[in-house]
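So the chains spell out like this:
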Amino acid sequence: MDVYAAIHDELRAAGVRLAATLPDDWTAPLIRRIDADPAMRHVPVAREAEAVAVCSGAFFGGVRSAVVMGGTGLLTCTGELATLNLRHQIPVFCIVSQRGSIDDHRVYQEVQGRRTKAVLDAYDFPYHTIDRPEEIASLPDAYEACRLQKRPFVLFLSRRLLKGSR
Amino acid sequence: MRTREAMDVLAAARGDAIVVCALGMAANEWWAATGSEDAFYMHGAMGFAASFALGVALALPAEPVWVLNADGSLCMNLGCLITEAGQDARNLHHFVVDNGVYQTVGAMPMVHAGQADYVALARAAGFRSAQRFDDVVTLATGLAGVLAAPGPSLTVLHVEAEPTHLGTPPMTYEGPEMKYRFGRALERRLGITVFGPSGY
């Protein structure tokens, strides 16, 4: 299975028509597919918090959207997620690479791997990890959960999902 | 010119524009000038009102969308000029109230106040339309031309700082109510669906 194509298909099935993105190497293949999709408005941004704000604005235009960013990028915008999306109860669906897991041997991801979930818990941002290809079909449910919770929702993509087991 | 004078000129020219205000002075002054509920007075994500407005503009390409930004807020997210230029949102008009200070914290000077040229920054980022107005007369006569041309535009409104903290009171609602008033106003006006059948 091409997991990136499957994720893209499920995003469309969830009704997403706009994606604001800033890539890391794990999310780049998904972003390329979004960029090539004429049915999706792709908004490349200069900083991850822009993606959060773009998707929040699009909500009020009646457009379903998603943020796509790397695990480090998520940590750059937790303040904006809290003060905009939590404050105003605006749902924002964030697809994030789960960097710093035990199989991600990049030393510059070690803090992200160890503390990101604790940060999300501190803000009470719900999250869900897709770890196996057969779980990709849960994406539309996760999208609806985000809307219902009316806050940031992080859908993590694991290294094992995107790159397979070693 | 004073911020309120500039806001009055903008309010008179607003037409159907959907307005997003950066937190602090821009929001409070627009509320004082218009009492408008189909504006989003953004209380969080300092600097990112411009990006929020871009999202609105891209979702509603047939509607004019304004962001009332301010110099401090703009500089917290300078990259937005590149992102906006890259999206080429023709319906987006970006205003920057430039008074050289962080007004709401007691008129502390902006970083490198009076020296950075935001118009030049916008042009360098790729904006086709970028201009500055220093007085109400030229603003009143020049604004129509800015709005008639396709965006994205960046218009700097050079105003005097107030001497201390911002005296203008904020809007009388916040948080979730801000979300629902704005969203319902757009649903009524444009016939779009923002909230689902169960209200979220």
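Here's what I pulled together on the structure shown here. Predicted model, so just to flag it, every value in this text is computed and none were measured.

The rules behind each value
Residues numbered from 1 in each chain as written. Chains lettered and ligands numbered in written order. Predicted model: local features only at pLDDT ≥ 70, side-chain atom pairs only at ≥ 80, totals over all residues. Heavy atoms only, no water. Helix = DSSP H or I, 4+ residues; strand = E, 2+ residues; numbered from the N terminus. Rg over C-alpha atoms; globule rule 2.2 N^0.38 Å. Buried < 20%, exposed > 50% of the residue type's maximum accessible area, 1.4 Å probe, protein only. Areas by Shrake-Rupley, 256 points an atom, 1.4 Å probe, with all protein chains shown as cover. Contact = heavy atoms within 4.5 Å. Lys, Arg positive; Asp, Glu negative; His and termini not counted. Charge placed at Lys NZ, Arg CZ, Asp CG, Glu CD. Patch = residues over 30% accessible without salt bridge, like charges linked within 9 Å, V, L, I, M, F, W, Y side chains within 5 Å. Salt bridge = Lys/Arg side-chain N within 4 Å of Asp/Glu carboxyl O. Buried area = accessible area lost by both parts, 1.4 Å probe. Polar contact = N/O pair within 3.5 Å; in protein donor to acceptor, adjacent residues only side chain to side chain. Nonpolar A, V, L, I, M, F, W, Y, C, P; charged D, E, K, R; others polar. Pairing = 2+ DSSP bridges. Axes fitted to C-alpha atoms, helices over the stretch in contact; angles between N-to-C directions. Core = buried A, V, L, I, M, F, W, Y, C linked by side-chain atoms within 4.5 Å.

### Some details on the overall build of chain A
(1) Moving on: Summing up its helical and strand segments, chain A has 8 helices and 6 strands in all.
(2) Moving on: Seen in sequence order, chain A has helices and strands lined up from the N terminus as α-β-α-β-α-β-α-α-β-α-β-α-β-α.
(3) Moving on: The C-alpha atoms of chain A give a radius of gyration of 14 Å, which matches the 15 Å a tight globule of 166 residues would have.
(4) Moving on: Referenced to the eigenvectors of the C-alpha coordinate spread, the extents of chain A come out at roughly 45 × 35 × 30 Å.
(5) Moving on: A total of 166 residues make up chain A; the buried ones form 58% of that total.
(6) Moving on: If you sum the accessible surface of chain A, you get close to 6,700 Å²; carbon and sulfur atoms cover 50% of it.

### With respect to the overall build of chain B
(1) Moving on: Secondary structure summary: chain B contains 8 helices and 8 strands in total.
(2) Moving on: Taking 16 Å as the expected radius of gyration for a compact globule of 200 residues, we find that chain B reaches 16 Å, a close match to that expectation.
(3) Moving on: Dimensions of chain B along its principal axes, counting C-alpha atoms only, are 50 × 35 × 30 Å.
(4) Moving on: Relative to its 200 residues, chain B shows a buried fraction of 55%.
(5) Moving on: Here the analysis covers contacts within chain B between residues at least 6 apart in sequence; of these, 73% occur between residues at least 24 apart.
(6) Moving on: Roughly 7,800 Å² of accessible area belongs to chain B as shown, and the carbon and sulfur atoms make up 56% of that amount.
(7) Moving on: Of the charged side chains in chain B, 12 are positive and 19 negative; the average position of the first set lies 6 Å away from that of the second.

### Focus: a nonpolar patch on the surface
(1) Moving on: Taken together, the side chains of Leu 23, Met 46 and Met 76 of chain B present a nonpolar region at the surface, about 280 Å² in accessible area.
(2) Moving on: Relative to the helices and strands, Met 46 of chain B resides in the loop between strand 2 (39-41) and helix 3 (49-59).

### Some remarks on the interface of chain B and chain A
(1) Moving on: Listed by partner, the interface residues are 35 residues for chain B and 29 residues for chain A.
(2) Moving on: Buried area between chain B and chain A, both sides added, is near 2,600 Å², and the carbon and sulfur share of it is 65%.
(3) Moving on: Summed over the shared surface of chain B and chain A, the number is 1 salt bridge.
(4) Moving on: Put simply, Arg 87 of chain A and Glu 174 of chain B hold a salt bridge, and the shortest N to O gap is 2.7 Å.
(5) Moving on: Between chain B and chain A we count 11 residue pairs in polar contact (both at pLDDT 80 or more) in total.
(6) Moving on: Of all elements in the fold, only strand 2, helix 3, helix 5 (80-87) and helix 8 (175-190) of chain B reach the threshold of two or more residues within the side of chain B that touches chain A.
(7) Moving on: Here the side of chain B that touches chain A takes 8 residues from helix 8 of chain B, the largest share from any one element.
(8) Moving on: Here the side of chain B that touches chain A is built from residues that sort into 21 nonpolar, 12 polar and 2 charged.

### What about the sheet that holds strand 4 (residues 92-98) of chain B?
Residues and elements named next belong to chain B.
(1) Moving on: Strand order in the open sheet made by the 6 strands is 2-1-3-4-8-7, with parallel pairing throughout. Edge positions in the sheet fall to strand 2 and strand 7 (129-133), since each has one partner strand and no second. Strand-to-strand twist across the sheet, computed as the mean angle between neighbouring axes with direction ignored, equals 15 degrees.
(2) Moving on: Where strand 3 (residues 65-70) lies against strand 4, 6 bridges are found, and the strand directions are parallel. From the neighbouring strand, Leu 68 faces strand 4, where its bridge partner is Phe 95.
(3) Moving on: Its contacts with the sheet place helix 2 (residues 25-34) against strand 1 (18-21), strand 2, strand 3 and strand 4, and it is angled at close to 140 degrees to strand 2.

### Points about the pattern of salt bridges
Side chains that differ in charge, positive against negative, can pair when their charged atoms come close.
(1) Moving on: A complete count under the given rule lists 22 salt bridges over all chains for this structure.
(2) Moving on: With a closest N to O distance of 2.3 Å, Arg 160 of chain A and Asp 131 of chain A form a salt bridge. Note that Arg 160 of chain A is positioned in helix 8 (residues 159-163) and Asp 131 of chain A in the loop between strand 5 (127-130) and helix 7 (139-149), a separation of 29 residues in sequence.
(3) Moving on: Assessed through its relative accessible area of 30%, Arg 160 of chain A is described here as partly exposed.
(4) Moving on: Linking Glu 29 of chain B and Arg 4 of chain B is a salt bridge whose minimum nitrogen-to-oxygen distance equals 3.0 Å. Taken together, the positions of Glu 29 of chain B in helix 2 and Arg 4 of chain B in helix 1 (residues 3-13) put the pair 25 residues apart, joining distant regions of the chain.
(5) Moving on: A residue is classified by how much of its surface remains accessible, and Glu 29 of chain B, at 4% relative accessible area, is buried.

### A short note on the nonpolar core
(1) Moving on: Core analysis: the largest hydrophobic core is formed by 98 residues, its most contacted members being Trp 30, Tyr 41, Phe 52 and Leu 68 of chain B.
(2) Moving on: Ignoring sequence-local partners within four residues, the contact set of Leu 68 of chain B consists of Met 7, Leu 10, Val 19, Val 20, Cys 21, Ala 22, Ala 26, Trp 30 and Phe 95 of chain B.
(3) Moving on: Grouped together as the second largest cluster of nonpolar side chains are 28 residues, Ile 7, Ile 95, Leu 155 and Leu 157 of chain A included.

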